[in-house]
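What follows is each chain in one-letter form.
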Amino acid sequence: MSAPNILVVVGLLAFAFYVAYATDPTQLQDFCVGTNDPNNALFVNGLFCKNPMDVTPEDFFRGGLDKPGNTHNNLGFNVSLVSATQLPGLNTLGISLARIDYAPYGLNPPHIHPRATEILTVIEGTLYVGFVTSNLPSGGNKFLAKVLNKGDVFVFPQGLIHFQFNVGKIPAVAIAGLSSQNPGTATIANAVFGAQPPISIDVLSKAFQLDEKVIEYLQSRFWMSTN
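What counts and what doesn't
- Residues numbered from 1 in each chain as written.
- Predicted model: local features only at pLDDT ≥ 70, side-chain atom pairs only at ≥ 80, totals over all residues.
- Heavy atoms only, no water.
- Phe/Tyr/Trp six-rings, centres within 6.5 Å; stacked < 30°, edge-to-face > 60°.
- Helix = DSSP H or I, 4+ residues; strand = E, 2+ residues; numbered from the N terminus.
- Buried < 20%, exposed > 50% of the residue type's maximum accessible area, 1.4 Å probe, protein only.
- Axes fitted to C-alpha atoms, helices over the stretch in contact; angles between N-to-C directions.
- Parallel < 35°, antiparallel > 145°, perpendicular 65-115°, else oblique.
- Left-handed = near helix turned anticlockwise from the far one by under 90°.
- Contact = heavy atoms within 4.5 Å.
- Nonpolar A, V, L, I, M, F, W, Y, C, P; charged D, E, K, R; others polar.

A.B. asks: Explain the packing of aromatic side chains to me, please; I cannot follow it from the model alone.
C.D. replies: Each aromatic ring pair is characterised by the separation of its centres together with the angle its planes make. Across all of its chains, the model carries five aromatic pairs by this definition. Between F143 and F163, the aromatic rings sit 6.0 Å apart at their centres with planes inclined by 25 degrees, giving stacked as the arrangement. Highlighted residues: F143 in strand β6 (residues 143-148) and F163 in strand β8 (residues 161-166), separated in sequence by 20 residues. Taking the relative accessible area as the measure of exposure, F143 reaches 43% and is therefore partly exposed. Residue class for F163 comes out buried when judged on its relative accessible area of 14%. Ring geometry for F193 and F208: centres 5.5 Å apart, planes at 35 degrees, overall tilted. Residue F193 is found in helix α2 (residues 188-193), and its partner F208 is found in helix α3 (residues 201-208); the two are separated by 15 residues along the sequence. We classify F193 as buried; its relative accessible area is 12%. Here the aromatic cluster, defined as three or more aromatic residues joined through ring pairs, consists of Y128, F143 and F163.

A.B. asks: Please explain the packing of α3 against helix α4 (residues 212-220) as it appears in this structure.
C.D. replies: Angle between the axes and distance between the axes: these two values describe a pair of packed helices. Where α3 meets α4, the axes come as close as 9 Å, and the angle between the chain directions of the two elements is 110 degrees. Relative to α4, the element α3 is oriented roughly perpendicular. Crossing handedness for the pair α3 and α4: right-handed. Of the residues in α4, those touching α3 at I201, D202, L204 and S205 are E212, I215, E216 and Q219. Across the contact of α3 with α4, the residue classes tally to three nonpolar, two polar and three charged.

Set out below in structure tokens:
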């Protein structure tokens with residue numbers, strides 16, 4: 001290949017890499033509204049960085065995941081999240097971790113992580129897990145599910161509705177790795193029926209094809225907050 005042709009190829013590759021990387025960084029929260037008033041600036045996309053000279057080993061350490069979470073609630077589960085909020089050393093590293101405890105027949109209800117893929121490992125017990133795809137070109141949504149035992153691993157792709165249900169008669173424990181320092185969680189039932197202010201009954205009645213009285217009942221229920 002002649003020198004001019006090589007230069008053309010190198011130039012095209014350089015342009016391709018420029019296009020590939022000239023995008024905004026992945027958001028680390030639901031939104032970050034711009035402001036020109038520094039006195040009104042409360043958040044950044046992530047956390048402010050500590051002076052490297054002031055960093056200590058404690059910034060990269062957190063204990064306590066050996067202790068079971070409290071599962072005495074309506075759903076029988078507990079999430080002990082370790083994100084950049086709990087472990088500052090995770091800031092900018094793009095990962096977080098969670099211990100999930102399940103009472104017998106406890107449920108981590110259908111939810112999404114808007115900013116993270118989740119990889120789940122069962123430490124103890126038996127879990128029935130699954131996720132639903134986004135709308136398929138052919139129409140509908142595919143449901144993928146599996147029963148997991150101790151040592152099994154399952155992946156939930158970013159942004160897809162998923163759940164875990166303890167089908168055993170004994171408590172279960174799982175460890176989840178998440179591909180964001182702040183994965184976020186939106187529990188489907190909470191978001192739809194427990195939002196404040198409430199979503200219009202007319203909207204929900206038509207969307208779910210349910211009587212308005214049923215929607216009113218669902219909105220009156222207590223929806224447990226989850227991580």
